[in-house]
Amino acid sequence: MDQFFAPTSLAVYGLSSKARNTPRIIIDNCLRWGFRGRLFGINPTSSDTDVGGIRVYRSATDLPLVPDLAVLLIPARFVPQAMEDCARAGIKRLAIQAGGFNECSDQGTTLAEQVQRLARRHGIRFVGPNGLTLADTASGLCLPFVPAFPVRPGGFSLITQSGGLGLFLWNLLQDEQVGLAKFASIGNKLDLDEADFLDYLGRDPATRVIGLYLESIANGKRLIELAQEIDKPVIVYKANTTSAGGRAAMSHTASLGNDDAIIDTAFARAGIIRIQHLHEFISTAKAFELPPMRGPRIMAMSPAGGLGVAMADLCERQGFAFADPGPEFYTELAAIANAGIIRLSNPLDMGDLYQIDKYPLIFSHVLASPQVDGAVYVSQCPAMPEGGDDVFTAMFTTDITLEMTGAVRSSNKPLALALYGDGPTIAAMKKQSRIPIFNGPEEAVGALHRQMRFHARRAAGPFRPTVADRAWDPAAVTAWLRVHQGVIGEEALELLHLCGLASPPTAIARSAEEAAGLAGKIGFPVALKVVSPQAIHKTEAKGVLLNIASPSEAEAGFTRIRTNLAQYDPAAQFEGVRIMAMAPEGHDLFIGGLQDPAFGPVVFFGYGGILIEVLGDVERVLCPSSCEEIRQKMRRLKAWRILAGLRGRPAVDPEPFIAAVCSLSHVLAEHSEIRELDVNPVRITATGAILALDARLRNEHEKREKK
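Residues numbered from 1 in each chain as written. Predicted model: local features only at pLDDT ≥ 70, side-chain atom pairs only at ≥ 80, totals over all residues. Heavy atoms only, no water.

Asks: Please set out the overall build of the protein residue by residue, giving values where relevant.
Replies: Within the protein one finds 25 helices and 31 strands. When its C-alpha atoms are laid out on the principal axes, the protein stretches across 100 × 80 × 40 Å. Looking at the protein as a whole, 56% of its 707 residues qualify as buried. Taking the intrachain contacts of the protein between residues at least 6 apart in sequence as the baseline, contacts between residues at least 24 apart amount to 73%. Within the structure as shown, the protein displays about 30,400 Å² of accessible surface, and the carbon and sulfur contribution to it stands at 51%. Placing the 71 positive and 76 negative side-chain charges of the protein at their respective mean positions leaves the two points 4 Å apart. (Helix = DSSP H or I, 4+ residues; strand = E, 2+ residues; numbered from the N terminus. Buried < 20%, exposed > 50% of the residue type's maximum accessible area, 1.4 Å probe, protein only. Contact = heavy atoms within 4.5 Å. Areas by Shrake-Rupley, 256 points an atom, 1.4 Å probe, with all protein chains shown as cover. Lys, Arg positive; Asp, Glu negative; His and termini not counted. Charge placed at Lys NZ, Arg CZ, Asp CG, Glu CD.)

Spelled out as structure tokens, the structure:
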């Protein structure tokens, strides 16, 4: 990967002396940025021997050496020919910028497949196509074909699927004085993808913070594994967020498992910072230029009382706690107050503290306090009339960022500075300040919170899945799945039993008489449930009858369920009626699972019953999980209050349910042939026992992908 970002030699296809020759821009950018490697042009149809001092050759085989990297900014139809030329010359690294591949047409898709085959055949690795590809402030490489001056070097590296949006962020970084290390516009990512670049940037000493703009995630499992290993902030803006409702839903789980919620779950597991606004790339990167905020105790300060009130709301919404520096601190402040008419507290209204020369002392004492983990200060720098010697002119025009930097460095705690006011004045301050300046309290408080959560997540250590106490028989589970293919109805309860999740006594009746006999053997009262592959949700087909108390009711119920199914779907296949012992009273939850195409197996759990999709009281975990992770997610559910005892109802022990979810998370992790699983309801009884009352799964053992 070093050859991509810091090649010692570079060949640019398509270079010519024609007016508006776009490859010429790439050469010029590299020269402006101080690229010190050798530069060559390649153009098989041009008579030029040099362009702007750069030698031009007809073929890569004519070059005096084998370049580390070749750039292909030529029409898409000529790319395969150029790749063959590179292969003959021994070039193994390409930046393919041309568009016109799988993003635009069937013909382009065919061309994309041809490019991939050629790369595999010749051992070529490439970035793109359809992207601006690469830039590196350290090596001076600048391949985007938009004229660009050198940018401020720094520790932020960006991976983006969109070249245009990447340039937008690139320019925004410069405006906000956030330095750039490396830039990768990966386009269609037909070869190298975001995970490949994340792996590299995670080990790159020049990169301190990594940002990713993604429209699709192909290999989410690898992305998550890498992010967990990398000891750097990884910030992701995921665009193109769509519902998974188009998925062929066999169960409730599929309709609940929308892509965006799974992405949230996966990112949280890995400690990835997911942002919802593009400007948060910049504000979050700024926050990581400050020392870590290692706790939630914050001091909010401003000379404007209204801003203090606004910050109080912002801090509370983010979960910060208001620090108490102690009575001695407030006594010191009272000694320098002007009129003594403002109550000194946190948030600190500094409107009565006019002596701007005392502010550095205040900041120093705040950050030095062992009761304070970090602080935020919001003020303004308005345009002021010249020549004023009043306290307000001094307050709003004195630059104390150097002293603030000293307080930050001395305490090793963050002080987020946010300023409003005159644009040119603040821009000049940003250029010379050694600590970041945020554009308002929302930006400062939000970024500081994301920084704090990142450090807390890292301090907790990497996630480690654990196996619950509830055991299962791996050999028996494997054998059962081998002989049960396709969509399986309540027969799936057998598999759950092997996984340690019990269900009430049950049997299937093929006739009304058999229903009466089986019900008597199981013991009244019983439940009757239709068995049909077309009745995905039994209640919709009026296929569930409860509290059947006698043989005659069982016979009549059998006939009624068969009639209801025929009315629901005349073509439905009637396979009988399941007789099940009525479960004790309790709370109904559910457990589901599916194989996400990007992130692998995911388990869902939450409030169950027929209103599951309406209530949406659901949490998710990647598989395999741990009891502790599931327990934390359980506490977020509205159902948690019900389980804990609500309005006089007795509390029930959730631990057996948590253990069952954990067990199934391991089963799904080991058996990717279980494409979809729906256990609903799972009843928790007053004694803490749990019973699976209904289940369905889709098993595609023969279609299991080879990895």
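Asks: Could you give me a rundown of the sheet that holds strand 6 (residues 93-96), with the residues and numbers involved?
Replies: Strand order in the open sheet formed by seven strands is 3-4-2-1-5-6-7, with mixed pairing between adjacent strands. Two strands in the sheet have a free side with no partner beyond their single neighbour: strand 3 (50-51) and strand 7 (125-127). Strand direction decides the pairing type here: strand 1 (residues 9-13) and strand 2 (residues 38-42), joined by five bridges, are parallel. Paired with Tyr-13 across the bridge in strand 2 is Ile-42. (Pairing = 2+ DSSP bridges.)

Asks: Any chance you could break down the nonpolar core for me, citing the residues and the numbers?
Replies: Across soluble globular proteins, nonpolar side chains have a tendency to be buried as a group. If you look at the biggest cluster of nonpolar residues, it comprises 55 residues, and the most contacted ones within it are Leu-10, Leu-143 and Phe-599. Apart from the residues lying within four places of it in its own chain, the contact partners of Leu-143 are Leu-10, Ile-26, Cys-30, Leu-69, Val-71, Ala-95, Gln-97, Leu-132, Thr-133 and Leu-134. Residues Leu-333, Val-376, Met-404 and Leu-415 belong to the second largest nonpolar core, which totals 54 residues. (Core = buried A, V, L, I, M, F, W, Y, C linked by side-chain atoms within 4.5 Å.)

Asks: Go over unusual backbone geometry, please, and point to the residues and values.
Replies: Cis geometry marks the peptide bond from Gly-128 to Pro-129, where omega comes out at -5°. With respect to the helices and strands, Pro-129 occurs in the loop between strand 7 and strand 8 (133-136). Omega for the bond connecting Asn-346 with Pro-347 falls within 30 degrees of zero, at 5°, which places this linkage in the cis form. Structurally, Pro-347 can be placed in the loop between helix 12 (327-336) and strand 17 (348-349). A positive phi angle is found at Lys-542, which is not glycine, with a value near 50°.

Asks: An account of the sheet that holds strand 23 (residues 526-530) is requested, with residue identities and associated values reported.
Replies: Reading across the sheet, the four strands line up as 22-25-23-24 and stay open at both edges, with antiparallel pairing between neighbours. Across the chains shown, the open sheet's two edge strands, defined by having one partner strand only, are strand 22 (506-509) and strand 24 (544-548). Averaged over all neighbouring strand pairs, the angle between strand axes comes to 20°, with direction disregarded. With three bridges joining them, strand 23 and strand 24 adopt antiparallel strand pairing. The partner of Lys-529 across the bridge, within strand 24, is Val-544. Across the sheet, helix 20 (residues 512-522) is in contact with strand 22, strand 23 and strand 25 (577-581); its angle to strand 22 comes to roughly 170°. (Axes fitted to C-alpha atoms, helices over the stretch in contact; angles between N-to-C directions.)

Asks: I'd love a proper account of the pattern of salt bridges, names of residues and values included.
Replies: Enumeration over the complete set of coordinates arrives at 28 salt bridges. Residues joined by salt bridges that share partners form a network here, namely Glu-176, Lys-286, Lys-430 and Glu-443. (Salt bridge = Lys/Arg side-chain N within 4 Å of Asp/Glu carboxyl O.)

Asks: Requested: an account of the packing of helix 12 against helix 13 (residues 359-368), with residues and values cited.
Replies: For the pair helix 12 and helix 13, the least separation of the axes is 11 Å and the interaxial angle reads 175°. The pairing of helix 12 with helix 13 is recorded here as roughly antiparallel in orientation. Contacts between helix 12 and helix 13 pair Phe-329, Glu-332, Leu-333 and Ile-336 from the former with Ile-362, His-365 and Val-366 from the latter. Looking at the contact of helix 12 with helix 13 residue by residue, the classes come out as five nonpolar, one polar and one charged. (Parallel < 35°, antiparallel > 145°, perpendicular 65-115°, else oblique. Nonpolar A, V, L, I, M, F, W, Y, C, P; charged D, E, K, R; others polar.)

Asks: Can you break down the confidence of the model for the protein residue by residue, with the values?
Replies: Reading predicted coordinates in detail is not appropriate for stretches of low pLDDT. Per-residue confidence for the protein averages 90 on the pLDDT scale, and 94% of its residues sit at or above 70. Counting interchain partners and residues more than four positions distant, the pLDDT-below-50 stretch residues 244-258 has 50 contacts. Under a pLDDT of 50 for its full length, residues 703-707 has, in the predicted model, four contacts with residues more than four places off or in other chains. (pLDDT = per-residue confidence, 0-100.)

Asks: So what's going on with empty space enclosed by the protein? Which residues, and what values?
Replies: One pass over the structure, following the stated rule, counts one cavity of 30 Å³ or more. Roughly 110 Å³ of internal volume is contained in the largest cavity. Around the largest cavity sit 15 residues that line it, and Tyr-377, Cys-381, Thr-398, Ile-400 and Leu-419 are the ones nearest its centre. Going through the elements one at a time, strand 18 (374-381), helix 14 (391-397), helix 15 (401-411) and strand 19 (415-421) are the ones with two or more residues in the lining of the largest cavity. Per-element tally for the lining of the largest cavity: the top contributor is strand 18, with four residues. Residues belonging to the lining of the largest cavity are distributed by class as follows: 10 nonpolar, four polar and one charged. (1 Å grid on protein atoms, 1.4 Å probe; cavity = no way out; pocket = protein on both sides within 12 Å on 5 of 7 lines; lining within 4 Å. Points joined across faces, edges and corners; volume = space filled by probe spheres on them.)

Asks: Describe the pairing of strand 27 (residues 600-607), listing the residues and the values that go with them.
Replies: For strand 27, the buried fraction is high: seven of the eight residues fall into the buried class. Note that strand 26 (residues 586-596) and strand 27 share eight bridges and pair antiparallel. Along strand 27, the bridge assignment pairs Ile-591 with Phe-605. Count of turn residues in the strand 26/strand 27 antiparallel hairpin: three residues. Bridge count for strand 27 against strand 28 (residues 618-622) is five bridges, and the pairing is antiparallel. Paired with Val-603 across the strands is Val-621, a residue of strand 28.

Asks: I'd like a description of the environment of Ala-261, backed by residues and values.
Replies: Relative to the helices and strands, Ala-261 is located in helix 9 (residues 259-270). A relative accessible area of 15% places Ala-261 in the buried class. When the C-alpha atoms of Ala-261 and Met-580 are compared, they prove to be 35 Å apart, with 319 residues separating the residues in sequence.

Asks: I'd like a rundown of the layout of surface pockets, residues and numbers included.
Replies: Here the largest pocket is characterised by a volume of approximately 1,200 Å³. Looking at the lining of the largest pocket, the elements that each hand over two or more residues are helix 9, strand 14 (273-274), helix 17 (441-459), strand 28 and helix 23 (627-634). When residues in the lining of the largest pocket are grouped by element, the largest group, seven residues, is from helix 17. When its residues are assigned to classes, the lining of the largest pocket shows 11 nonpolar, nine polar and 14 charged.

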